[in-house]
Amino acid sequence: MKRLIVNADDFGFTRGTNAGIVRAFKNGILTSTTLMANGAAFQEAVDLAQAHPMLGVGCHLTAVGGKAVSSESASLADTEGNLPRTLTDLVIKLARRQVNPLDIEREFAAQVERLVSTGIRPTHLDTHKHTAMHPTVSEAMARVATEFGIRIVRFPFENPRVSVKTALTRNRRKLVFKQGALSLMTRPAARQFKNVLRRFNLQTPDYFCGVTLTGLLDSEALCQIINSLNEGVTELMCHPAIYDAELEVAHTRLKRERQQEFEALTDATVKHCLEANRIELLHYGQI
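Asker: Hey, could you go over the pattern of salt bridges for me, with residue numbers and the actual values?
Answerer: Oppositely charged side chains can pair when the atoms bearing their charge come close. What the rule picks out here adds up to nine salt bridges. The shortest N-O distance in the salt bridge between Glu280 and Arg3 comes to 3.4 Å. Of this pair, Glu280 sits in strand 7 (residues 280-281) while Arg3 sits in strand 1 (residues 2-11), and the two are 277 residues apart along the sequence. Taking relative accessible area as the criterion, Arg3 reaches 22% and is therefore assigned partly exposed. A salt bridge links Glu139 to Arg199, with the shortest nitrogen-to-oxygen separation between them at 2.4 Å. Placement of Glu139 in helix 5 (residues 135-147) and of Arg199 in helix 8 (residues 189-200) is noted, with a sequence separation of 60 residues between them. Take Arg199: its relative accessible area is 53%, and that puts it in the exposed class.

Asker: Please give an account of helix 12 (residues 268-276) that cites residues and values.
Answerer: Considered for burial, the residues of helix 12 that qualify are Val270, Cys273 and Leu274. Each buried residue of helix 12 lies within a common arc of 100° when the element is viewed along its axis, so the set occupies one face. Residues of helix 12 that are exposed and point over 90 degrees away from its buried face: His272, Glu275 and Ala276. In this structure, the buried residues of helix 12 make contact with strand 1, helix 9 (219-227), helix 11 (256-265) and strand 7. The N-terminus of helix 12 is capped by Asp267, whose side-chain oxygen sits 2.8 Å from the backbone nitrogen of Thr269.

Asker: Provide a residue-level description of the packing of helix 5 against helix 8, including the pertinent values.
Answerer: Between helix 5 and helix 8, the shortest axis-to-axis distance is 10 Å and the interhelical angle comes to 20°. One way to sum up the angle between helix 5 and helix 8 is to call them roughly parallel. The two elements helix 5 and helix 8 meet at a crossing, and its hand is right-handed. For the pair helix 5 and helix 8, the contacting residues are Pro135, Ser138, Glu139, Met141, Ala142, Arg143 and Thr146 in the first and Gln192, Phe193, Val196, Arg199 and Phe200 in the second. Here the contact of helix 5 with helix 8 is composed, by residue class, of six nonpolar, three polar and three charged.

Rules of the game
- Residues numbered from 1 in each chain as written.
- Predicted model: local features only at pLDDT ≥ 70, side-chain atom pairs only at ≥ 80, totals over all residues.
- Heavy atoms only, no water.
- Salt bridge = Lys/Arg side-chain N within 4 Å of Asp/Glu carboxyl O.
- Helix = DSSP H or I, 4+ residues; strand = E, 2+ residues; numbered from the N terminus.
- Buried < 20%, exposed > 50% of the residue type's maximum accessible area, 1.4 Å probe, protein only.
- Arc of directions from axis to C-beta.
- Contact = heavy atoms within 4.5 Å.
- Polar contact = N/O pair within 3.5 Å; in protein donor to acceptor, adjacent residues only side chain to side chain.
- Axes fitted to C-alpha atoms, helices over the stretch in contact; angles between N-to-C directions.
- Parallel < 35°, antiparallel > 145°, perpendicular 65-115°, else oblique.
- Left-handed = near helix turned anticlockwise from the far one by under 90°.
- Nonpolar A, V, L, I, M, F, W, Y, C, P; charged D, E, K, R; others polar.

Shown next, in the form of C-alpha cells:
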C-alpha cells in the first residue's frame with residue numbers, strides 16, 4: 001500500500017504561515033505539521049492545533065534562526081540568546097568545536113518541553129533546515145526523543161528517484177539542479193543517521209521528499225510526486241502559507257513561494273490524483 005504524510009514545516013513561524021497550514025489541512029491534502037517552539041506566532045499555532053485535533057503536530061527543533069528557548073545553551077546561542085543565523089554558521093561552529101553537544105540537547109529539550117507544556121503531545125520530531133543531517137545534531141535529537149518518549153523522527157534524506165524525476169520537468173532548472181545536487185551530496189550521511197536510529201530504537205517513514213522542489217512545489221509537481229510514490233510510507237515536506245506583509249519581511253527565502261505551495265495543496269486536481277492512485281493519507285501519529 002502507498003501511504004503519504006504531507007507535513008508542513010514552520011508552524012508558528014508567522015501568522016500567515018499558521019493560516020496557510022490550517023487551511024491546507026481543512027481544505028487540502030495536508031495531514032501533519034511541525035511547530036517551532038521559538039516561533040513568533042507560537043501561541044497562535046498552539047491554539048489552532050488544539051482547535052484541530054485531527055491535524056498531526058510534531059516539534060520542529062530549531063538550532064538555526066531566532067531566539068533560544070533554553071537559558072542553558074550558551075555555546076549554541078550568542079550573548080543575546082540568538083541561535084546561529086544560518087545553517088552554514090552552525091556547521092562552522094560545529095566544525096570548530098565551538099558548540100557543546102549538551103547545549104544542543106538542552107535547547108531541543110526546552111523546545112519540546114514548551115510544546116508539551118501546552119498539552120500537545122508531539123507525533124514526531126524533525127529539524128529546521130535539516131540540521132539533523134549533522135551527526136552531532138541527530139544524536140541530540142535522538143536523546144531528546146527518548147527523554148520525551150517520542151519514537152518517530154523524520155528521515156531527512158531525500159528519495160532521489162521521486163524528486164529528481166519530477167524536478168527535471170521544471171522550468172527553473174538552475175535552482176532545481178542546485179537543490180538536487182545538495183540533496184544528493186547529503187546521502188553519505190544517511191548511514192550515520194541510520195546508526196543513530198538503531199542505537200535509540202527510533203522509527204522513520206520509509207521515504208522522504210521535498211528538498212529538491214523547495215520553493216518550486218505546485219500542483220503539477222505534486223501530481224508527479226504522487227504518481228511516482230513507492231510502496232510504503234513517504235513523507236512529503238512542504239512550506240505552505242498565506243503570503244502577507246509579515247512574511248515578506250521575515251527571515252526566510254520562501255515568501256510568495258509559500259502561497260504557491262498552499263494553492264497546490266488545496267488544488268482539486270491534486271486531490272483527484274491521490275484518489276486515482278489510491279494513496280492513503282496519514283500523519284506521523286498514525287504510522
